Amino acid sequence: MSVPQTHTGRVAVITGAGRGIGQALALGLAARGATVVAVDLHHPDETMSLLGEAGHTGLGLVADVSDPVQTAAVGDRIAREFGHADILVNNAGIFPFVDIDDLDYETWRRVLAVNLDSQFLMVKAVLPAMKAGRWGRIINLTSNSILSNASGISHYMASKMGNIGFSRGLANDLAPFGITVNAVGPTLTVTPGVREVHPPEALVAFAQAQAIKRNGLPEDLVGTVAFLSSDDASFVTGQTLMADGGYAR
Ligand SMILES: NC(=O)c1ccc[n+]([C@@H]2O[C@H](COP(=O)([O-])OP(=O)(O)OC[C@H]3O[C@@H](n4cnc5c(N)ncnc54)[C@H](O)[C@@H]3O)[C@@H](O)[C@H]2O)c1
């Protein structure tokens, strides 16, 4: 079955695109016709090769998205290279598990910086190129874990709740420019990052709390992000869509 070319002519900037959910989103939006800018802390070699193998062109950039100097450089490069930026998916994130007794200020700050500051910084970096086209789609990754009873992630929950607040407020600011802003919340999704922090038995238990009793896969997020970043979603803004298999809260 051919994939509908809903994203032809769009430049889609995706952070944390080197692996996991970000990589699946890069491939999924490219398959719909977007030119992908894959931004990651490490060079997104694998993502760029997979894009190339599928016959897509794109740009891979190395940047720490929690750093204002590096994000500004990313914005400048995109403006120079393409002249416009249409879609921004703020996906980069980290999720160290630390109970409050062991949670130090450095870890707290790093999680807030990578998960929340980065979304603000990337918006600031690409907004001039997005406003110029008077059309834009910003999608900020949050998480369904914000409403869970999991321990050891208070810092993560704070950042992911922040993603929702930022999205709602930003939607109000950017509506006059034809730019929508929404948040997407995955359930526990089997990615390299998740495999580093969760033993396999924890993955099974998590799926039992969902109506759909299997773990999420990175590809499960593609349809939701494709819709929200398409013309079809032009009247949807300020929303949080939990694409989480019907997780019980
Ligand atoms: N996987 C899940 O279960 C799950 C569930 C809910 C929400 N999420 C959210 O989805 C997003 C992606 O998660 P994932 O599981 O794919 O993670 P992952 O660890 O598998 O991949 C994250 C990618 O982000 C990059 N990255 C990390 N810090 C960065 C930085 N400072 N600058 C640039 N790039 C950076 C990493 O290099 C990596 O390539 C995160 O925001 C996460 O909070 C994930």
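Because the structure is a prediction, the values reported are computed rather than measured. (Residues numbered from 1 in each chain as written. Predicted model: local features only at pLDDT ≥ 70, side-chain atom pairs only at ≥ 80, totals over all residues. Heavy atoms only, no water.)

Peer 1: Now, about the layout of surface pockets: what can you tell me, with residues and values included?
Peer 2: Looking at the largest pocket, its volume works out to about 1,100 Å³. In this structure, the largest pocket is lined by 47 residues; those nearest its centre are Gly93, Ile94, Phe95, Thr191 and Gly193. The element best represented in the lining of the largest pocket is helix 6 (residues 192-197), accounting for 5 residues. The residue inventory of the lining of the largest pocket, partitioned by class, reads 23 nonpolar, 18 polar and 6 charged. (1 Å grid on protein atoms, 1.4 Å probe; cavity = no way out; pocket = protein on both sides within 12 Å on 5 of 7 lines; lining within 4 Å. Points joined across faces, edges and corners; volume = space filled by probe spheres on them. Helix = DSSP H or I, 4+ residues; strand = E, 2+ residues; numbered from the N terminus. Nonpolar A, V, L, I, M, F, W, Y, C, P; charged D, E, K, R; others polar.)

Peer 1: For the packing of helix 1 (residues 20-31) against helix 2 (residues 45-53), give the residues involved together with the corresponding values.
Peer 2: The interhelical angle for the contact between helix 1 and helix 2, taken along N-to-C directions, is 20°, at an axis separation of 10 Å. Here helix 1 is positioned roughly parallel relative to helix 2, judged by the angle of their axes. You can see that helix 1 and helix 2 cross each other, and the crossing is right-handed. Contacts between helix 1 and helix 2 pair Gln23, Ala26, Leu27 and Ala30 from the former with Glu46, Thr47, Leu50 and Leu51 from the latter. In terms of residue class, the contact of helix 1 with helix 2 is built from 5 nonpolar, 2 polar and 1 charged. (Axes fitted to C-alpha atoms, helices over the stretch in contact; angles between N-to-C directions. Parallel < 35°, antiparallel > 145°, perpendicular 65-115°, else oblique. Left-handed = near helix turned anticlockwise from the far one by under 90°. Contact = heavy atoms within 4.5 Å.)

Peer 1: Could you give an account of the site of the ligand, with specific residues and numbers?
Peer 2: Taken together, 29 residues lie around the ligand, and Asp40, Asn91, Tyr156, Thr189 and Thr191 are the ones closest in. Contacts to the ligand include Arg19, whose side-chain N or O atom sits 2.8 Å from an oxygen atom. Leu41 has a polar backbone atom sitting 3.1 Å from a nitrogen atom of the ligand. In the complex, 95% of the free accessible area of the ligand, which totals 830 Å², lies under the protein chains. Because more than half of its atoms lie within 2 Å of the grid, the ligand is assigned to the largest pocket. For the shell around the ligand, the secondary-structure elements that each account for two or more residues are helix 1, helix 4 (105-132), helix 5 (154-174) and helix 6. Sort the elements by how many residues they give to the shell around the ligand and helix 6 lands first, with 3 residues. Taken together, the residues of the shell around the ligand sort by class into 13 nonpolar, 11 polar and 5 charged. (Near = heavy atom within 4 Å. Polar contact = N/O pair within 3.5 Å; in protein donor to acceptor, adjacent residues only side chain to side chain. Areas by Shrake-Rupley, 256 points an atom, 1.4 Å probe, with all protein chains shown as cover. Sits in = over half its atoms within 2 Å of the grid points.)

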